[in-house]
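# Understanding the architecture of this molecule
Residue-level listing of the chains:
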Amino acid sequence: LKMIDKTYAAVATAYLKSGKAKEAIETFEYAQENNALTPDTFAVAMQACQALGMQDRQFELFQEYRNNERMRPDAEVWSSAVEAANATGKQELALDWAEQMESDGLQPSPNACMAALASWEALNGMPEQPSEASVPFLLQWLFRQGVQGFARA
């Protein structure tokens, strides 16, 4: 990566942390115009979209990220995508992406774990007392990620 590529991500992050999500997205768009995108730039833009309630745009950015041959799997970007898919009613996609994260060896954020759980619950309902034999892949996945408290007696 060139230094200028990293600078766009740093500037976008500064905007986002100072409450200027719109400017963070504009910085992403400028980086995009200059072919200077990085996983960090995508992650910040997706977080800015989430802060502005623009989940559909967040989802679109993830599709762009996945289609960009220069990008490598990144837990922050994938976690944001799982959250966006759940928020836009694409629960099956959220679950698919959560499973893909695991198979890629990526550690999801706590919010992504909760979004995946919400997606699974929306599609299947939540069992009162999951057991090892009856728990679908998602709850097993959540336990492997260290999310506790779902199987209390």
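Higher on the page you've got the structure.
Anyway, here's the lowdown on the structure attached to this text. (Residues numbered from 1 in each chain as written. Predicted model: local features only at pLDDT ≥ 70, side-chain atom pairs only at ≥ 80, totals over all residues. Heavy atoms only, no water.)

A few words on the overall build of the protein chain. Across its full length, the protein chain holds eight helices and zero strands. Moving toward the C terminus, one meets the helices and strands of the protein chain in the order α-α-α-α-α-α-α-α. Here the protein chain holds 153 residues, and the buried ones make up 41% of them. Of the roughly 8200 Å² that the protein chain leaves accessible, carbon and sulfur atoms contribute 47%. (Helix = DSSP H or I, 4+ residues; strand = E, 2+ residues; numbered from the N terminus. Buried < 20%, exposed > 50% of the residue type's maximum accessible area, 1.4 Å probe, protein only. Areas by Shrake-Rupley, 256 points an atom, 1.4 Å probe, with all protein chains shown as cover.)

Here we come to helix α6 (residues 91-103). Taking 1.5 Å as the rise per residue, α6 with 13 residues should run 18 Å; its terminal C-alpha atoms sit 19 Å apart, in good agreement. Residues of α6 that are buried include every one of Gln91, Ala94, Leu95, Trp97, Ala98 and Met101, and no others. For α6, the arc enclosing every buried residue in end-on projection is 165°, short of the 170-degree limit, so these residues lie on one face. Exposed side of α6, more than 90 degrees from the buried face: Glu92 and Ser103 are the residues found there. Following α6 by one or two positions, Gly105 adopts a phi angle in the positive range, close to 75°. (Expected span 1.5 Å × (residues − 1). Arc of directions from axis to C-beta.)

Once that is clear, we can look at the nonpolar core. Judged by nonpolar contacts, the single largest core of 34 residues is most densely connected at Phe42, Phe62, Tyr65, Val77, Trp78, Val82 and Trp97. Of all the secondary-structure elements, those providing two or more residues to this core are α1 (3-17), α2 (21-33), α3 (39-51), α4 (55-67), α5 (75-87), α6 and α7 (110-124). Per-element tally for this core: the top contributor is α3, with seven residues. With residues up to four places along the chain from it excluded, the contact list for Trp78 reads Phe62, Tyr65, Arg66, Pro73, Trp97, Gln100, Met101, Asp104 and Leu106. (Core = buried A, V, L, I, M, F, W, Y, C linked by side-chain atoms within 4.5 Å. Contact = heavy atoms within 4.5 Å.)

Next up on the list: the side chain of Thr27. The topology assignment puts Thr27 in helix α2. Look past the residues within four positions of Thr27 in its chain and what remains in contact with it is Tyr8, Val11, Ala12 and Tyr15.

Right, let's talk about the packing of aromatic side chains for a bit. Inspection of every chain in the model, using the stated rule, returns eight aromatic pairs. Here Phe28 and Phe42 contribute two aromatic rings whose centre-to-centre distance is 5.1 Å and whose plane-to-plane angle is 65°, an arrangement assigned as edge-to-face. With Phe28 in helix α2 and Phe42 in helix α3, this residue pair connects regions lying 14 residues apart in the sequence. For Phe42, a relative accessible area of 1% gives the class buried. Here the aromatic rings of Phe42 and Tyr65 are separated by 5.4 Å at their centres, their planes lie at 70°, and the arrangement is edge-to-face. Pair noted here: Phe42 is in helix α3 and Tyr65 is in helix α4, with a separation of 23 residues, a long-range link. Tyr65 shares its class with Phe42; the two are buried. In this structure an aromatic cluster arises from ring pairing among Phe28, Phe42, Phe59, Phe62, Tyr65, Trp78 and Trp97. The ring of Phe59 carries the charged tip of Lys90 above its face, separated from the ring centre by 4.6 Å. (Phe/Tyr/Trp six-rings, centres within 6.5 Å; stacked < 30°, edge-to-face > 60°. Lys NZ or Arg CZ within 6 Å of the ring centre and 35° of its normal.)

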